[in-house]
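# Architecture and fold: a report
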Amino acid sequence: MQRRHRLSRSKDFDAVYRQGRSVATRYLVLSWFDREDEAAEPRLGLAVPKAVGGAVARNRIKRQLREAWRGRLERVPARKDYVLKVKPGLPEAVDAQGFEWLGERVDEVLGKAAA
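The sections below set out a description of the structure shown in this document. Within each chain, residues carry numbers counting from 1 in the order of the written sequence. With the structure being a predicted model, the display of local features is reserved for residues of pLDDT at least 70 and the display and counting of side-chain atom pairs for 80 or more, all residues being used for whole-chain, interface and lining totals. Side-chain numbers here rest on the full set of heavy atoms in the structure, without hydrogens or water.

## With respect to the layout of surface pockets
Which entries qualify depends on this criterion: Only protein atoms enter the calculation, which uses a 1 Å grid: trapped sets of points that fit a 1.4 Å probe without letting it out are cavities, open sets showing protein on both sides within 12 Å along at least five of seven lines are pockets, and any residue with an atom within 4 Å of a point is a lining residue. Grid points are joined across faces, edges and corners, and a volume is the space filled by probe spheres set on the points. For the purposes of this entry, the term helix denotes a DSSP run of H or I that reaches at least four residues, the term strand denotes a run of E that reaches at least two, and both are numbered from the N terminus. Residues were grouped as follows: Ala, Val, Leu, Ile, Met, Phe, Trp, Tyr, Cys and Pro as nonpolar; Asp, Glu, Lys and Arg as charged; and all remaining residues, including Gly, as polar.
Taken as a whole, the largest pocket spans an internal volume of roughly 180 Å³. Considering every element that reaches the lining of the largest pocket, the biggest residue donor is helix α4 (residues 99-114), with four residues. Here the lining of the largest pocket is built from residues that sort into seven nonpolar, no polar and four charged.

Put into structure tokens, the structure is as follows:
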């Protein structure tokens with residue numbers, strides 16, 4: 001995922017959490033906030049708490065989520081900032097079910113956000 005599609009500053013995360021909306025599924029929470037600047041591309045930030053696992057597990061699930069998000073980038077509404085928060089149990093479920101299953105979970109949370 002290119003840098004312009006990433007959310008990295010804490011003030012951007014805070015804006016999404018405080019002023020945005022959110023939906024949740026069993027393994028993911030998606031929060032989003034409408035930006036008012038001219039930038040057209042959606043940006044994604046990932047929040048993976050320590051309860052999910054050790055550093056290796058957290059970094060691995062972040063890589064997998066970035067790849068799943070990148071595959072859906074053209075279907076994601078523009079001019080928004082998104083934060084995808086992982087709930088405990090997701091890395092184990094992805095190991096058992098596979099990467100395609102993770103993509104379905106991302107589609108599920110995006111579908112709930114669009115409704």
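## Focus on the pairing of strand β4 (residues 80-86)
As a reminder, the rule being used: Remark: exposure states derive from per-residue accessible area (1.4 Å probe, protein chains only) relative to the maximum for the residue type, with buried under 20%, exposed over 50%, and partly exposed in between. For two strands to be treated as a pair, DSSP must find no fewer than two bridges joining them. Look down the strands so they point away from you; if going from the first strand over the helix to the second traces a clockwise path, that crossover is right-handed.
With respect to burial, β4 is a largely interior element, six of its seven residues being buried. When strand β2 (residues 28-34) meets β4, the two strands line up antiparallel, connected through seven bridges. By the bridge assignment for β4, F33 is matched with D81. As paired elements, strand β3 (residues 43-47) and β4 share five bridges and run parallel to each other. Within β4, the residue paired with L46 across the bridge is L84. After leaving β3, the chain enters helix α2 (residues 55-71) and then returns to the sheet as β4, a path that is left-handed.

## Some remarks on the packing of α2 against α4
The relative placement of two packed helices comes down to the angle between their axes together with the axis-to-axis distance. Using the following cut-off: Angles shown run from 0 to 180 degrees and are taken between the N-to-C directions of axes, each axis being a line fitted to C-alpha atoms and, for helices, limited to the stretch in contact. Note: crossing handedness is left-handed where the near helix turns anticlockwise from the far helix by less than a right angle, and right-handed where it turns clockwise. We call two residues in contact when some of their heavy atoms are within 4.5 Å.
It is the contact of α2 with α4, at a shortest axis distance of 10 Å, that shows an interaxial angle of 65°. The interaxial crossing formed by α2 with α4 has right-handed handedness. Residue-level inspection shows Q64, L65, E67, A68 and W69 of α2 in contact with α4, the latter providing F99, L102, G103, V106 and L110. When grouped by side-chain class, the residues that make up the contact of α2 with α4 number seven nonpolar, two polar and one charged.

## Concerning the side chain of Q64
Within the secondary structure, Q64 is located in helix α2. Judged by relative accessible area, which is 15%, Q64 ranks as buried. The contact partners of Q64, leaving out residues within four places of it in the chain, are V94, F99 and L102.

## Here's the deal with the pattern of salt bridges
Quick reminder of the rule: Salt bridge, as used here: a side-chain nitrogen of Lys or Arg that lies within 4 Å of a carboxyl oxygen of Asp or Glu.
Counted under the stated rule, the structure contains eleven salt bridges. Taking the shortest distance from any N to any O, the salt bridge between D12 and R43 comes out at 3.7 Å. Placement of D12 in helix α1 (residues 10-19) and of R43 in strand β3 is noted, with a sequence separation of 31 residues between them. Of the two residues, D12 and R43, neither departs from the other in class, the shared state being buried. Between E67 and R70 there is a salt bridge, and its shortest N-O distance comes to 2.7 Å.

Shape is all these values report; function is a separate question.
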